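One-letter residues, chain by chain:
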Amino acid sequence: NAGVMQNPRHLVRRRGQEARLRCSPMKGHSHVYWYRQLPEEGLKFMVYLQKENIIDESGMPKERFSAEFPKEGPSILRIQQVVRGDSAAYFCASSLEQGRFQPQHFGDGTRLSIL
Amino acid sequence: AQRVTQPEKLLSVFKGAPVELKCNYSYSGSPELFWYVQYSRQRLQLLLRHISRESIKGFTADLNKGETSFHLKKPFAQEEDSAMYYCALSAHRDDKIIFGKGTRLHILP
């Protein structure tokens with residue numbers, strides 16, 4: 001089991017472009033979480049998804065950010081019209097089942113740099 | 001509001017000395033507390049959780065509800081303990097995890 005796979009590892013975009021970050025959960029995991037880590041900050045929860053459903057998006061900015069986890073394929077975190085403040089590391093985690101006692105397994109993250 | 005506070009950004013400890021990484025939380029209910037660790041060039045991984053009451057790699061952490069703390073301790077530091085440590089909280093009936101800002105532990109030879 002390769003674990004949670006995120007790609008790309010590094011992504012550079014110019015202001016105004018779109019950024020797409022991908023996350024393939026561990027085999028058999030149907031729960032995906034996205035976190036953002038700004039420089040000098042801890043990880044901040046963004047969104048929790050199950051297959052084809054957004055369960056909790058309380059940490060997502062209201063504009064420009066969206067996430068999906070289709071029936072087939074990886075989960076996608078999409079940032080439209082990127083700005084300098086979007087520069088951060090974005091981590092994805094997955095778990096086997098729902099519930100706060102289920103451990104979350106993390107990917108290596110995608111480091112997004114906005115020029 | 002749920003919050004996790006790690007007051008130290010950096011902690012330097014000599015090899016063989018005791019280690020204590022501080023963590024305080026703010027939550028009115030019964031939280032689930034975790035410590036995650038990120039070694040150099042590796043992904044974030046779960047170190048231990050309070051509900052399991054385990055000792056992992058010599059580390060322990062006790063939940064003190066009176067002081068709302070979950071400090072991570074190890075009696076004798078080893079060089080391979082150098083890493084970034086994150087304290088985290090999961091609230092009742094909630095699946096997201098609230099992380100602290102992390103403490104970088106540097107073990108001096």
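Every value quoted in this text rests on a predicted model; they were computed, and no experiment measured them. (Residues numbered from 1 in each chain as written. Chains lettered and ligands numbered in written order. Predicted model: local features only at pLDDT ≥ 70, side-chain atom pairs only at ≥ 80, totals over all residues. Heavy atoms only, no water.)

Looking at chain B, the pLDDT average stands at 90 and 96% of residues meet or exceed 70. When pLDDT is averaged over each element of chain B, strand β3 (residues 19–21) of chain B comes out on top at 97 and strand β10 (residues 98–99) of chain B at the bottom at 88. (pLDDT = per-residue confidence, 0-100. Helix = DSSP H or I, 4+ residues; strand = E, 2+ residues; numbered from the N terminus.)

Residue-level contacts link 25 residues of chain A with 25 residues of chain B. For the pairing of chain A and chain B, the buried interface totals around 1,900 Å² over both sides, and the portion due to carbon and sulfur atoms is 47%. For the pair chain A and chain B, the number of links is one salt bridge. Two residues, A:Asp108 and B:Arg43, come together in a salt bridge whose shortest N-O distance is 3.1 Å. (Contact = heavy atoms within 4.5 Å. Buried area = accessible area lost by both parts, 1.4 Å probe. Salt bridge = Lys/Arg side-chain N within 4 Å of Asp/Glu carboxyl O.)

Our focus in this paragraph is the pairing of strand β7 (residues 65–68) of chain A. All names here are of chain A. Of the two faces of β7, the one holding Phe65 and Ala67 is buried and the one holding Ser66 and Glu68 is not buried anywhere. Relative to strand β8 (residues 75–79), β7 runs antiparallel, the two being bridged by four bridges. Bridging across to β8, Phe65 finds its partner in Ile79. Connecting the antiparallel pair β7 and β8 is a turn made up of six residues, with Gly73 showing a positive phi of about 100°. (Buried < 20%, exposed > 50% of the residue type's maximum accessible area, 1.4 Å probe, protein only. Pairing = 2+ DSSP bridges.)

Across all of its chains, the model carries two disulfides over all chains by this definition. Through a disulfide, A:Cys23 is tied to A:Cys92; the S-S separation comes to 1.8 Å. Between A:Cys23 and A:Cys92, the S-S torsion sits near -55°, and that sign places the bridge as left-handed. One end of the pair, A:Cys23, is in strand β3 (residues 19–24); the other, A:Cys92, is in strand β9 (residues 88–95), with 69 residues separating them in the sequence. For A:Cys23, a relative accessible area of 0% translates into the label buried. The disulfide partner of B:Cys23 is B:Cys87, and the S-S distance across this bridge is 1.9 Å. When the S-S torsion is -65°, as for the bridge of B:Cys23 with B:Cys87, the disulfide is left-handed. Of this pair, B:Cys23 sits in the loop between β3 and β4 (24–26) while B:Cys87 sits in strand β9 (residues 83–90), and the two are 64 residues apart along the sequence. (Disulfide = S-S within 2.5 Å.)

The space that makes up the largest pocket amounts to roughly 670 Å³. What lines the largest pocket is a set of 27 residues, and nearest its centre among them are A:Gln37, A:Arg111, B:Gln38, B:Tyr86 and B:Arg104. Of all the secondary structure elements, the ones that give two or more residues to the lining of the largest pocket are β9 of chain A together with β9 and β11 (103–108) of chain B. The class makeup of the residues in the lining of the largest pocket is nine nonpolar, eight polar and ten charged. Roughly 320 Å³ of volume is contained in the second largest pocket. Around the second largest pocket, the lining comprises 18 residues; the ones closest to its centre are A:Gly42, A:Leu43, A:Lys44, A:Phe45 and B:Phe99. Elements with a minimum of two residues in the lining of the second largest pocket: β5 (43–50) of chain A together with β1 (3–5) and β10 of chain B. For the lining of the second largest pocket, the class distribution of residues is nine nonpolar, four polar and five charged. (1 Å grid on protein atoms, 1.4 Å probe; cavity = no way out; pocket = protein on both sides within 12 Å on 5 of 7 lines; lining within 4 Å. Points joined across faces, edges and corners; volume = space filled by probe spheres on them. Nonpolar A, V, L, I, M, F, W, Y, C, P; charged D, E, K, R; others polar.)

For the rest of this paragraph, the subject is the sheet that holds strand β8 (residues 72–74) of chain B. All names here are of chain B. With antiparallel pairing, three strands are arranged side by side in an open sheet as β3-β8-β7. Two strands in the sheet have a free side with no partner beyond their single neighbour: β3 and β7 (60–61). Of the strand pairs in this sheet, β7 and β8 are connected by two bridges, and their pairing is antiparallel. Among the inter-strand pairings, Thr60 is bridged to a residue of β8, identified as Lys73.

Another aspect to go through is the side chain of A:Ser95. With respect to the helices and strands, the residue A:Ser95 is situated in strand β9. When neighbours within four sequence positions are excluded, A:Ser95 is seen to be in contact with A:His29, A:Ser30, A:His31, A:Tyr33, A:Gln102, A:Pro103 and A:Gln104.

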